[in-house]
Amino acid sequence: MSVTTQPVYSYFPGCSLQTTNRAYDVSSRNVARVLGLEMVELEDWNCCGATPYMAIDSKQSVLLSARNLAISEKHKRDIVTVCSSCFLVLYKANRHLHDDSSLRAEVREALQAGGMVYQGNVKVRHLLDLIVNDLGKEAIERHLVRPLEGLKVACYYGCQLVRPYGEVDDPEFPVLLERLMGWIGATPVDFGMGTKCCGGMLMTTQPDIGVDLTGKVLKQACKAEADCICTICPLCQMNLEAYQSKISARFGEDCQLPVLYFTQVLGAALGLGGDDLALGDALTPVEMVLAGNRQGERHA
Amino acid sequence: MNATQVRDLTREFLQNVHALPNGEKIDQCLQCGTCSASCPASARMKYSPRIILAALRAGKLNEVFESPTVWFCASCYSCTVRCPAGIPFTEVMYELKRLGIKKGLVGKKTHGRSMAETFVDGVYKRGRSSDAELICRYILRTHLTRAFSFVPLGWKLFRKGRLSLRTRTITGIEGLHRMMNAMGKGDAR
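Counting of residues starts from 1 at the beginning of each chain's written sequence and follows it residue by residue. Lettering for chains starts from A, numbering for ligands starts from 1, and both go in the order in which the items are written. Where totals are concerned, whole chains, interfaces and linings use all residues; where local detail is concerned, this predicted model gives features only for residues with pLDDT of at least 70, and gives and counts side-chain atom pairs only at 80 or more. As a rule here, side-chain values cover all heavy atoms of the structure and leave hydrogens and water aside.

*Asks:* Tell me about the overall build of chain A, and please be specific about residues and values.
*Replies:* Assigned secondary structure in chain A consists of 13 helices and eight strands. In this treatment the radius of gyration is a C-alpha quantity, and the globule benchmark scales as 2.2 Å times the residue count to the 0.38 power. By the compact-globule yardstick of 19 Å for 300 residues, chain A fits well, its C-alpha radius of gyration being 19 Å. Referenced to the eigenvectors of the C-alpha coordinate spread, the extents of chain A come out at roughly 65 × 60 × 30 Å. For each residue, the accessible area found with a 1.4 Å probe, counting protein chains only, is set against the maximum for its type, and the residue is called buried under 20%, exposed over 50%, and partly exposed in between. Considering chain A as a whole, with its 300 residues, one finds that 63% of them fall into the buried category. Between two residues, a contact is recorded if the distance between any of their heavy atoms is within 4.5 Å. The contacts of chain A with a sequence gap of at least 6 include a subset with a gap of at least 24, amounting to 78%. Runs of E in the DSSP output that reach at least two residues are strands. Runs of H or I that reach at least four are helices, and both are numbered from the N terminus.

*Asks:* Got a sec to walk through the interface of chain A and chain B? Specific residues and values, please.
*Replies:* Each partner contributes residues to the interface: chain A has 67 residues there, and chain B has 61 residues. Counting the surface lost from both chain A and chain B, the interface buries some 5,600 Å², and carbon and sulfur atoms represent 61% of this. When the area that chain A buries against chain B is broken down by residue, the three leading residues are A:Tyr53, A:Ile56 and A:Thr204, summing to 10%. Put simply, a salt bridge is a Lys or Arg side-chain nitrogen that is within 4 Å of an Asp or Glu carboxyl oxygen. At the boundary of chain A and chain B, one finds four salt bridges. Note that A:Glu241 and B:Arg162 form a salt bridge whose closest N and O atoms lie 2.8 Å from each other. Residues adjacent in sequence count toward polar contacts only when both atoms are side-chain atoms; beyond that, a polar contact is any pair of N or O atoms within 3.5 Å, and within protein one must be able to donate a hydrogen and the other to accept it. Summed over the shared surface of chain A and chain B, the result is 22 residue pairs in polar contact (both at pLDDT 80 or more). Counting only elements with at least two residues in the side of chain A that touches chain B, the list comes to α2 (50-56), α3 (58-74), α4 (84-99), α5 (101-113), α8 (202-205), α9 (207-223) and α10 (234-242) of chain A. When two parts are put together, the accessible area they lose, computed with a 1.4 Å probe and summed over both, is reported as buried area.

*Asks:* Outline the sheet that holds strand β6 (residues 187-188) of chain A, supporting the account with residue identities and numerical values.
*Replies:* Residues and elements named next belong to chain A. By the convention used here, strands pair only if DSSP detects at least 2 bridges between them. The sheet built from four strands is open, its strands ordered β6-β5-β7-β8 with parallel pairing. A single partner strand is all that each edge strand has here, and the edge strands are β6 and β8 (259-261). In the sheet, strand β5 (residues 152-156) pairs with β6 via two bridges, with the strands oriented parallel. The residue bridging Val-153 from the neighbouring strand is Pro-188, located in β6. Packed on one face of the sheet, helix α7 (residues 176-183) meets β5, β6 and β7 (228-231) and runs near 155° to β5. For every element, the axis is a line fit to its C-alpha atoms; helices are fit only across the contacting stretch, and the angle between N-to-C directions ranges from 0 to 180 degrees.

*Asks:* Provide a residue-level description of the pairing of strand β1 (residues 8-12) of chain A, including the pertinent values.
*Replies:* All names here are of chain A. Counting buried positions along β1 gives four out of five residues, so the element sits mostly inside the fold. The pairing of β1 with strand β2 (residues 38-41) spans four bridges and is classified as parallel. Residue pairing across strands places Tyr-11 opposite Glu-41, the latter belonging to β2. In this fold, the crossover linking β1 to β2 by way of helix α1 (residues 22-35) has right-handed handedness. Sheet topology places β1 next to strand β3 (residues 78-81); four bridges connect them, and they run parallel. Crossovers are described as right-handed under a simple rule: with the strands pointing away from the observer, the path leading from the first strand over the helix to the second runs clockwise.

Read these as layout, nothing more, since geometry by itself doesn't imply function.
The following block contains the structure:
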């Protein structure tokens with residue numbers, strides 16, 4: 001009998017998962033627990049800096065990530081996150097530190113001032129990648145309790161998991177979510193907007209553009225008769241779920257649709273209940289993923 | 001801005017861009033317009049990505065800096081993955097944002113700039129960002145008159161317990177500040 005040691009990951013929740021998007025945090029932790037993925041919250045993690053920090057000072061932005069990478073390295077763990085923006089910022093900083101020796105020297109010195117060291121041995125992963133590529137179909141099927149037969153899902157990736165590097169999946173035609181949805185019995189719908197931008201922060205800074213971009217995603221998902229949108233990014237989820245009345249009014253058509261995190265959809269299929277998935281936090285009627293054969297109910 | 005100043009600005013901008021990974025590819029732009037066609041915000045931009053590089057070559061980069069155009073970039077990286085010349089255009093946009101602030105060319109109340117600066121202040125102070133604090137400070141900084149437009153959503157989130165007014169500072173904030181001060185402020189890489 002061979003003994004394999006399961007890797008333990010540093011879990012990086014990111015700032016928005018502390019409050020606004022805490023349902024993503026709750027559902028991610030519970031899904032990982034059920035799947036036997038060991039994730040320990042990164043000790044005293046700091047904000048990754050997201051896109052705004054890069055727009056102000058790129059070196060400080062890399063340093064913010066380096067501190068998180070250093071803490072994870074101390075524990076000999078790779079980092080896993082569920083936020084697309086945290087993923088890209090940490091991944092990009094790690095890559096720049098690897099490729100650019102003078103930047104690496106500057107960061108090394110700065111980390112030392114705070115008593116930390118980073119040698120470049122940490123990998124940055126997104127939980128979706130880990131579940132689909134490392135655990136795979138068999139592990140999911142082994143834990144499958146309630147296949148979501150008939151649930152039509154619009155798989156929405158947004159931008160920052162797949163672009164710019166395209167190393168996790170194709171930058172314009174990714175398939176990770178569709179494969180996962182297929183394994184749990186759901187049906188991905190073809191709505192053509194999976195990697196189009198929701199507008200991100202523009203929903204706050206330039207609401208006209210934000211409403212337009214998020215609206216196009218919602219509109220196409222409704223047109224494709226999806227039962228829900230499944231997202232992998234907290235900011236995309238917020239944009240897609242919180243402005244539906246405004247968008248419906250602007251477009252002059254009904255754009256109301258439940259918007260779930262991929263961990264909530266997956267969790268429902270793994271037999272987790274509403275509290276374990278924090279479904280009560282949603283602003284859209286998301287209980288439908290727990291409600292059984294949706295299509296049967298609808299079109300019977 | 002006179003011709004000499006524009007020339008200096010252009011030189012500094014190109015120097016910074018050339019220092020970025022694959023930044024030297026900016027010289028290979030063939031003006032095909034794939035970037036602008038791929039950009040979800042270009043329809044609202046006074047200077048779309050292709051026009052920005054045309055302005056650079058025409059010695060009119062100062063006009064780009066003086067408009068809020070670059071702050072309409074949402075960092076979706078569509079231009080970057082599609083550019084046939086391999087120009088990392090999203091990074092070019094970041095450089096335009098940074099240099100515009102450094103040179104004092106972009107309005108202080110430009111929404112995107114205010115949001116970024118408010119965010120950075122919060123992260124520096126606590127080591128983490130608080131959504132509630134970020135939005136409140138951003139409103140105070142920009143459009144107090146439009147504050148009411150944020151109320152319905154704020155209330156919905158608050159009722160769900162999703163807006164915490166409690167802020168948290170990381171334990172290692174002093175160490176983080178020592179690191180950040182040691183690094184100093186710097187341009188792109």
